Amino acid sequence: MLFTLRSKSVFCETSRYVLLYNLLFADTVLLALSQLMYILAVCRIRLTYPVCGVFAMLTNLTNVISPLTLVVMSLERYVSVCYPLRHATIITIRNTGVAICIVWTFSLLNVLIQICLLLNFIFEELQSLQMTDSCSDIAMILGPLSDLYDRIYTYFVFILASVAITCSYVGVMVAARSASTDKASAQKARNTLLLHLVQLGLSLLSTMHTSIVVSLATILQRLVIVRIKNVFYVFIFILPRCLCSLIYGLRDQTIRPALMYHLCGQLKLSCPSKGCDPSNNSE
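Every value quoted in this text rests on a predicted model; they were computed, and no experiment measured them. (Residues numbered from 1 in each chain as written. Predicted model: local features only at pLDDT ≥ 70, side-chain atom pairs only at ≥ 80, totals over all residues. Heavy atoms only, no water.)

(A) Representation of the overall build of the chain within the structure. For the chain, the count of helices and strands is eleven helices and zero strands. If you list the helices and strands of the chain from N to C, you get α-α-α-α-α-α-α-α-α-α-α. Counting only residues that meet the buried cut, the chain has 43% of its 283 residues in that class. Look at the contacts in the chain between residues 6 or more apart in sequence, and 77% of them connect residues 24 or more apart. Carbon and sulfur atoms form 68% of the exposed surface of the chain, whose accessible area is close to 15200 Å². (Helix = DSSP H or I, 4+ residues; strand = E, 2+ residues; numbered from the N terminus. Buried < 20%, exposed > 50% of the residue type's maximum accessible area, 1.4 Å probe, protein only. Contact = heavy atoms within 4.5 Å. Areas by Shrake-Rupley, 256 points an atom, 1.4 Å probe, with all protein chains shown as cover.)

This is the structure:
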């Protein structure tokens, strides 16, 4: 999917696809890191606190990218429906790049604050820097201040993203009833925003994953917590990221032929040229 979004000029020159590439890139990095940490946990490989801290901070960085990028994508759909005449001047490649930089900067600032809070922990009290438990973002919450900040930041992102996408959906619904609005475009944008809401809900659950598990750990046994973490890993981390590729890879009329073409070419599958060659499909 990432290769497909860089295979044609239309994907590199359209803000919606540039945002999608940013979303998929962050999700891919997050999946790779979480899968690595899961394998290390299954193999019972214990890391040191500094190494685990690097993995945990990179995971936190990419984990917040998804809901924030979904907010920007929802605003782009809102502008395209409610302000169609100004869409080309507002949603430009330059403005899209600025929005992506703001998203990454905001996420990086969160990581830097977490690192500062982590440095306040008195590591001299530990007998060794070798971890006694599996490496995870939860294991790197070493003090009450870090836990408090994580909760506040998570709730802030949850409320911000939910309000932004809900307001965008309401705006598109109102615009859809206007006689001057393209009904087909408004209906498509409304369906897209609905999918964003579902995806956002799952993505925000992943940002709240740490707070939920920490709260449950105080009342449940360790074995139950491990099983809950495995369920969360599948339904909260993997599922939302897979939905993103499915939603855009199979639903978008421009991406689908290009994606099928590259899949057929890479896997050397015998498929009709009209179904695999994007040149036979109008963009």
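(B) Expanded view of unusual backbone geometry. One non-glycine residue, arginine 44, adopts positive backbone phi at about 60°. Tracing the sequence through the fold places arginine 44 in the loop between helix H2 (15–42) and helix H3 (49–82).

(C) Representation of the packing of aromatic side chains within the structure. Going through the model one piece at a time under the given rule, you end up with six aromatic pairs. A ring pair is formed by phenylalanine 11 and tyrosine 17, whose centres lie 5.1 Å apart and whose planes are at 80°; its orientation type is edge-to-face. Residue classification places phenylalanine 11 among the buried positions, given a relative accessible area of 0%. Ring geometry for phenylalanine 106 versus tyrosine 153: centroids 5.8 Å apart, planes at 25°, classification stacked. In this pair, phenylalanine 106 sits in helix H5 (residues 93–119) while tyrosine 153 sits in helix H6 (residues 144–176), placing the two residues 47 residues apart along the sequence. Judged by its relative accessible area of 29%, phenylalanine 106 is partly exposed. Among the aromatic residues, those joined into a cluster by ring pairs are Phe106, Tyr149, Tyr153 and Phe156. (Phe/Tyr/Trp six-rings, centres within 6.5 Å; stacked < 30°, edge-to-face > 60°.)

(D) Representation of the confidence of the model for the chain within the structure. The share of residues in the chain with pLDDT of 70 or more is 81%, and the mean pLDDT across the chain is 77. Per-residue pLDDT, averaged within each element of the chain, yields its smallest value for helix H11 (residues 273–276) (46) and its largest for H5 (89). In the predicted structure, residues 269–283 sits below a pLDDT of 50 and forms 20 contacts with residues beyond four places in sequence or in another chain. (pLDDT = per-residue confidence, 0-100.)

(E) Broad picture of the state of the cysteines. Counted according to the given criterion, the structure contains one disulfide. Sulfur-sulfur distance for the disulfide between cysteine 52 and cysteine 135 comes to 2.2 Å. Judged by the sign of its S-S torsion, about 95°, the bond between cysteine 52 and cysteine 135 is right-handed. With a gap of 83 residues between them, cysteine 52 in helix H3 and cysteine 135 in the loop between H5 and H6 connect regions that are remote in the sequence. (Disulfide = S-S within 2.5 Å.)

(F) Up close: the packing of H2 against H5. Running from amino to carboxyl end, H2 crosses H5 at an angle of 25°, the nearest separation of the two axes being 9 Å. Taken together, the axes of H2 and H5 are roughly parallel relative to one another. H5 is crossed by H2, and the crossing has right-handed handedness. Contact with H2, carried on its side by Ser15, Val18, Leu19, Asn22, Phe25 and Ala26, involves Ile93, Thr96, Ile100 and Trp104 of H5 and no other residues of that element. (Axes fitted to C-alpha atoms, helices over the stretch in contact; angles between N-to-C directions. Parallel < 35°, antiparallel > 145°, perpendicular 65-115°, else oblique. Left-handed = near helix turned anticlockwise from the far one by under 90°.)

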